[in-house]
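Here are the chains, one letter per residue:
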Amino acid sequence: MNESKRVEITWPSLGITVKAELDQRNRALAQCLWDALPYRSLQGHALVAGYHLYHLAPVHSLLHTPAEYRVDRRTVPDGTLFCSRLQHLGIKYGELTEPMTATPIGQVVPEDLDALVQAGRDVWHSVYTTKKPVIAEVRREGEPSGHQLPRLPIGDPQLNELVKDVHAETERIWLDPPRELLDLHAGRIPSGAGSYETVLTTLLFVNGETRPLGYSCYGGLVRAALDGMPMPWLRQMTRQLAHTPAEFLGYCGLDTLWGFTQRLLDGLDRLDDHEDFVSVMAHMALYCNCLGGWNLHLFPWEAGEHLRREETPA
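Right, let's walk through the structure included here. Only a predicted model underlies this, so the values are computations on that prediction, with no experimental measurement involved.

With respect to helix α5 (residues 200–226)
Part 1 of the argument: Under the 1.5 Å per step criterion, the end-to-end length of α5 is 39 Å for 27 residues, consistent within 8% with the ideal 39 Å.
Part 2 of the argument: Two residues or fewer past α5, G228 is found with a positive phi of approximately 95 degrees.

What follows is the structure, encoded as structure tokens:
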């Protein structure tokens, strides 16, 4: 990546586009992003850390590509771009409070920083208040927009069918909210989950289970496989980590996820190859992370509007 690599990040519904230069700090991560362009994704906003945009990038290799250089996100300039093992492309546009190390890959050009701040404010309004989705488009500078979700190969026919179905469902919900989550957020819960007919409690627990299922369980299994963990251990860890949260989420209304998980667990003994294992788990990770992104967008954050952080005296 010696030659200049510039990208455009645009939010068509906001009428805002910013340009960024990819740099040498984490060349492998930047190359992963560059090779995946162009794509579209639901734009999200940090809910705890501060003034930070992020969205799910359809890049399987972000789950495991090593980073060469790490920083405390709080200390770098506004406009810094990051790629993470959570499959996120993040952009800092103001103060951050979370002391988290991150892996920078580029920088928004100085003349577009004001536009970036406006995009951040508009996306926050979308996530926190209006619930009208904002779609981000990421492309190489001067090239057209587009979108395609990658499909990884797998040798076993039965598990290949599972991956085919997971890939198709991920494509279906990538830019459109899943019907199951819309029903859940509207209080249509066939199982009756939610003590005393409450909905907010169920939404909270669904959010709390979905994110680690993608981030930690499936993302972690991919990295463990590539680190050389023996196949019997990988199969056992999959059973231990995936079953309980997926079964609970199925009870709460995410039947498609639970169905995929049952098919995965039923065919787990057929997985005797690390490459196939990585392919299956990477597709499950991307699907769960997509569900998590939509859940964060749909969640009724304004329900806690009366709860405000107390300022700490200087």
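Let's talk about the packing of helix α6 (residues 231–252) against helix α7 (residues 255–266)
The description of two packed helices rests on the angle between their axes and on the distance between the axes.
Part 1 of the argument: At a minimum axis separation of 8 Å, α6 and α7 run at an interaxial angle of 150 degrees. The angle between α6 and α7 places the two elements in the roughly antiparallel class. Considering only the axes of α6 and α7, their crossing is left-handed. Judged by residue contacts, T238, R239, A242, H243, A246, E247, L249 and G250 of α6 engage D255, L257, W258, T261, L264 and L265 from α7.

A look at the environment of L33
Part 1 of the argument: Mapped onto the fold, L33 is located in helix α1 (residues 27–36).
Part 2 of the argument: With a relative accessible area of 0%, L33 lands in the buried category.
Part 3 of the argument: Expressed as a C-alpha distance, the spacing of L33 and L22, which sit eleven residues apart in the sequence, is 9.6 Å.

As for the packing of α7 against helix α8 (residues 274–298)
Part 1 of the argument: Direction vectors running N to C along α7 and α8 enclose 165 degrees, while the axes themselves pass 12 Å from each other. Between α7 and α8, the angle falls in the class roughly antiparallel. In the crossing of α7 with α8, the sense of the turn from one axis to the other is left-handed. Listed contacts from α8 to T256, L257, F260, T261 and L264 of α7 are V280, M281, M284, Y287, C288 and L291.
Part 2 of the argument: Here the contact of α7 with α8 is built from residues that sort into nine nonpolar, two polar and no charged.

So, the sheet that holds strand β1 (residues 5–11)
Part 1 of the argument: Pairing within the closed barrel is antiparallel, and its eight strands lie in the order β1-β2-β9-β6-β7-β4-β3-β10. When the angles between neighbouring strand axes are averaged without regard to direction, this sheet yields 30 degrees.
Part 2 of the argument: By the bridge criterion, four bridges tie β1 to strand β10 (residues 135–140) in an arrangement that is antiparallel. Among the inter-strand pairings, V7 is bridged to a residue of β10, identified as R140.

Some details on the nonpolar core
Part 1 of the argument: One finds Y218, L257, L264, L271, F277 and M281 to be the most contacted residues of the largest nonpolar core, which totals 51 residues.
Part 2 of the argument: Elements with a minimum of two residues in this core: α3 (157–174), α4 (179–185), α5, α6, α7 and α8.
Part 3 of the argument: Beyond its immediate stretch of four places on either side in the chain, L264 contacts L162, Y218, T238, V280, M281 and M284.
Part 4 of the argument: Residues W34, V108, A119 and V138 belong to the second largest nonpolar core, which totals 32 residues.

Some thoughts on the side chain of H297
Part 1 of the argument: Locating H297 in the fold gives a position in helix α8.
Part 2 of the argument: For H297, a relative accessible area of 3% translates into the label buried.
Part 3 of the argument: Leave out the neighbours within four places in its chain, and H297 touches L42, S126, V127, K131, K132 and P133.

Conventions and cut-offs
Residues numbered from 1 in each chain as written. Predicted model: local features only at pLDDT ≥ 70, side-chain atom pairs only at ≥ 80, totals over all residues. Heavy atoms only, no water. Helix = DSSP H or I, 4+ residues; strand = E, 2+ residues; numbered from the N terminus. Expected span 1.5 Å × (residues − 1). Axes fitted to C-alpha atoms, helices over the stretch in contact; angles between N-to-C directions. Parallel < 35°, antiparallel > 145°, perpendicular 65-115°, else oblique. Left-handed = near helix turned anticlockwise from the far one by under 90°. Contact = heavy atoms within 4.5 Å. Buried < 20%, exposed > 50% of the residue type's maximum accessible area, 1.4 Å probe, protein only. Nonpolar A, V, L, I, M, F, W, Y, C, P; charged D, E, K, R; others polar. Pairing = 2+ DSSP bridges. Core = buried A, V, L, I, M, F, W, Y, C linked by side-chain atoms within 4.5 Å.

Fair warning: the whole summary comes from geometry, so function is off the table for now.
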